[in-house]
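Examination of the molecular architecture
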Amino acid sequence: MEVPRGIAIVGGGIAGLALALGLHRRGIPARVYEAAPAIAEIGVGITLLPHGMREIAALGLADTVLAAGIENRESAFFNRFGQKLFAEPRGKFAGYPQPEVGIHRGRLHGILLAAVRAQIGADAVTCDHAFVGLDQTDAGATLHFKATSDGSMRAPVTADVVIACDGVNSAVRRLFYPHETVAFTGINTWRGVTRHKPILGGSTYMRIGSIKTGKIVVYPIVNDIDGSGDQLINWIAEIETDRNQRNDWNQVGDRGDFLPIYEGFKFDWLDVGALIRDAETVLEYPMVDKDPVDRWTFGRVTFAGDAAHPMYPRGSNGSAQSLIDVRVLADLLAAGGDPRAAFAAYEAERRPATAEIVRTNRVSPPDIINLKVEELVGDRPVDNLDAYISQDELRELSDRYKRIAGFSVDSVAPPP
Ligand SMILES: Cc1cc2nc3c(=O)[nH]c(=O)nc-3n(C[C@H](O)[C@H](O)[C@H](O)COP(=O)(O)OP(=O)(O)OC[C@H]3O[C@@H](n4cnc5c(N)ncnc54)[C@H](O)[C@@H]3O)c2cc1C
């Protein structure tokens, strides 16, 4: 029987890999068990906000991540007629000590995985291990896994403690909350990436339209994709609807289900319908989260990342919060003593903070700017926006989200 003691991390996503790296930097051994038979660079885009990039910098990976992605210069909000409602500088352009970066999720994952393998060892991540159960005593925990590839049981693994980083559908969390389900907002999303010439200068994060009449978020994630100067553009279409497929991140979508809504989004600076039509693949994902729970730690087990606090992906904040979780955990575990006490201190710090973000993402996410303007003006072009709402009021909506989400400009510490 394989007997690696120490820390068992279930799930080799952003949180699990960053946790393994953070623990290793503090001299603590850990092993990652990942359900996927092999780790592939899949998915579409993700935005790393400055507080997330700070954690990436603490792992020594800021330059690599920045080189693989695109630094956002500004964030801009438009109505579905292509009129700019509000814009603000982002990242270093807004005075943060860290940039805001749009990157292909697969590339980010690949960078973290390469760092884990280079720094900890080729066997630090064990694939094809889907967590299925756990026994714990006062002395330690025994984890049970099945091979994803053929369904056979794997040899049990023992560890001192277990950290669940197995994402929104966490199997570890299900042991403690067996009847819990994801909460669906009534918003469905379709995502894709398209090769396209740079839009509005090539470093703008764009939110266009509202979820009531059709919203699409558009941002670049790779520069000069084929040597012709084109970028890889990430887009996420979000629409209020009862449609609610299972939340599988790799579920393929059909553009016929939503493209008609966007065919009319034709501006002199972007043809949204063409952007969707030209995408290589389309993925479908319902916007889901989970109600915040009262407890993350059960003896020798705790949760981190999306397993702990899945949130609506409306504020580009899930990965940053996951990265902060695992840094706090690593610091507390490195302080020594009973790891169960470290888990309790971690939970006391992180659970209330992330619960507030989950709630804010439900009622007052950043795209409230688009909704607010549509509510005030109606679903029509506007030529005197100031008569309805001032730029300062729109800025306050944006700043309020940043304060709650933990990345107001004065709260992000400089790079370590
Ligand atoms: C559509 C969408 C867009 C998003 N956009 C952004 C964004 O722009 N910015 C941002 O910061 N965040 C964004 N997020 C959120 C962000 O992706 C998550 O918060 C982040 O990936 C959480 O990392 P994680 O490691 O906790 O979970 P995941 O990245 O989901 O990783 C979980 C890992 O656990 C593995 N696993 C699952 N079950 C088991 C099991 N039983 N046994 C072993 N392993 C298992 C999975 O295979 C996976 O590798 C977005 C989310 C969605 C859905």
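Remember, it's a predicted structure, so these values are computed and weren't measured experimentally.

1. As for the overall build of the protein chain
The secondary structure content of the protein chain amounts to 11 helices and 18 strands. Here the C-alpha atoms of the protein chain give a radius of gyration of 21 Å, agreeing with the 22 Å that 2.2 N^0.38 yields for 416 residues. When the backbone C-alpha atoms are referred to their principal axes, the protein chain occupies close to 70 × 45 × 45 Å. For the protein chain, with 416 residues in total, the buried portion stands at 56%. Counting only contacts in the protein chain whose residues sit at least 6 apart along the sequence, the fraction spanning at least 24 positions is 73%. Counting only carbon and sulfur atoms, one obtains 50% of the accessible surface of the protein chain, whose full area is about 16,400 Å². Side chains of the protein chain give 44 positive and 53 negative charges; the mean places of these two sets differ by 2 Å.

2. Observations regarding the state of the cysteines
Per the counting criterion, the structure on display carries 0 disulfides. As a non-bridged cysteine, Cys-127 has Cys-165 as the owner of its nearest cysteine sulfur, 15 Å distant. Residue Cys-165 is classed as buried on the basis of its relative accessible area, which comes to 7%.

3. Re the environment of Val-44
Tracing the chain through its elements places Val-44 in the loop between strand S2 (30-33) and strand S3 (45-48). Along the chain, Val-44 and Glu-393 lie 349 residues apart, while their C-alpha atoms are 33 Å from each other. If sequence neighbours within four positions are ignored, Val-44 has contacts with Ile-103, His-104, Arg-105, Gly-106, Arg-191, Gly-192, Val-193, Ile-221, Asn-234 and Leu-283.

4. Describing the sheet that holds strand S13 (residues 183-196)
Here we have 7 strands laid out as an open sheet, ordered S6-S5-S14-S15-S16-S13-S17, and mixed in their pairing. Two strands in the sheet have a free side with no partner beyond their single neighbour: strand S6 (84-89) and strand S17 (282-289). Recorded for the sheet is a direction-independent mean angle of 20° between the axes of neighbouring strands. Bridge count between strand S14 (residues 204-210) and strand S15 (residues 214-222): 5 bridges; the pairing is antiparallel. Bridge pairing in S15 places Ser-210 opposite Gly-214. The sheet strands contacting helix H10 (residues 368-377) are strand S5 (74-78), S6 and S14, and the helix crosses S14 at an angle near 35°.

5. Thoughts on the site of the ligand
Taken together, 32 residues form the shell around the ligand, and within it Ala-15, Glu-34, Phe-131, Asp-306 and Ser-319 come nearest. The contact in question runs from an oxygen atom of the ligand to an N or O atom on the side chain of Asp-306, over 2.7 Å. Ranked by residues supplied to the shell around the ligand, first place goes to helix H8 (residues 318-334) with 4 residues. In the shell around the ligand, the residues fall into 15 nonpolar, 12 polar and 5 charged.

6. Regarding the pattern of salt bridges
In this structure the tally under the stated criterion is 28 salt bridges. Across the pair Glu-88 and Arg-90 runs a salt bridge whose closest N-O atoms are separated by 2.7 Å. Both residues of the pair, Glu-88 and Arg-90, belong to the buried class. Among the charged side chains, a salt-bridge network with shared partners connects Glu-88, Arg-90, Glu-100, Asp-399 and Lys-402.

7. Considering the packing of H10 against helix H11 (residues 391-405)
Running from N to C, H10 and H11 cross one another at 145°; their axes reach a closest spacing of 10 Å. Considering only the axes of H10 and H11, their crossing is right-handed. Contact with H10, carried on its side by Ile-368, Ile-369, Lys-372 and Val-373, involves Leu-394, Leu-397 and Ser-398 of H11 and no other residues of that element. In terms of residue class, the contact of H10 with H11 is built from 5 nonpolar, 1 polar and 1 charged.

8. Describing the packing of aromatic side chains
If you walk through the whole model with that rule in mind, you get 18 aromatic pairs. With a centroid separation of 6.0 Å and 45° between ring planes, the pair formed by Phe-77 and Phe-86 is classed as tilted. Comparing Phe-77 with Phe-86, the two get one shared label, buried. Plain terms: the ring middles of Tyr-177 and Phe-298 are 5.9 Å apart, the flat faces sit at 80° to each other, and that makes the pair edge-to-face. Residue Tyr-177 is located in the loop between helix H5 (171-176) and S13, and its partner Phe-298 is located in the loop between S17 and strand S18 (301-303); the two are separated by 121 residues in the primary sequence. On the basis of relative accessible area, Phe-298 is assigned to the buried category, the value being 13%. The ring of Tyr-177 has Arg-173 sitting right over it, with the charged end atom 5.7 Å from the ring centre.

9. Quick word on the sheet that holds strand S1 (residues 7-10)
With respect to topology, 5 strands assemble into an open sheet ordered S8-S2-S1-S12-S18, the strand pairing being parallel. The two strands at the open ends of the sheet, each matched to only one other strand, are strand S8 (125-126) and S18.

Reading guide: rules and limits
- Residues numbered from 1 in each chain as written.
- Predicted model: local features only at pLDDT ≥ 70, side-chain atom pairs only at ≥ 80, totals over all residues.
- Heavy atoms only, no water.
- Helix = DSSP H or I, 4+ residues; strand = E, 2+ residues; numbered from the N terminus.
- Rg over C-alpha atoms; globule rule 2.2 N^0.38 Å.
- Buried < 20%, exposed > 50% of the residue type's maximum accessible area, 1.4 Å probe, protein only.
- Contact = heavy atoms within 4.5 Å.
- Areas by Shrake-Rupley, 256 points an atom, 1.4 Å probe, with all protein chains shown as cover.
- Lys, Arg positive; Asp, Glu negative; His and termini not counted.
- Charge placed at Lys NZ, Arg CZ, Asp CG, Glu CD.
- Disulfide = S-S within 2.5 Å.
- Pairing = 2+ DSSP bridges.
- Axes fitted to C-alpha atoms, helices over the stretch in contact; angles between N-to-C directions.
- Near = heavy atom within 4 Å.
- Polar contact = N/O pair within 3.5 Å; in protein donor to acceptor, adjacent residues only side chain to side chain.
- Nonpolar A, V, L, I, M, F, W, Y, C, P; charged D, E, K, R; others polar.
- Salt bridge = Lys/Arg side-chain N within 4 Å of Asp/Glu carboxyl O.
- Left-handed = near helix turned anticlockwise from the far one by under 90°.
- Phe/Tyr/Trp six-rings, centres within 6.5 Å; stacked < 30°, edge-to-face > 60°.
- Lys NZ or Arg CZ within 6 Å of the ring centre and 35° of its normal.

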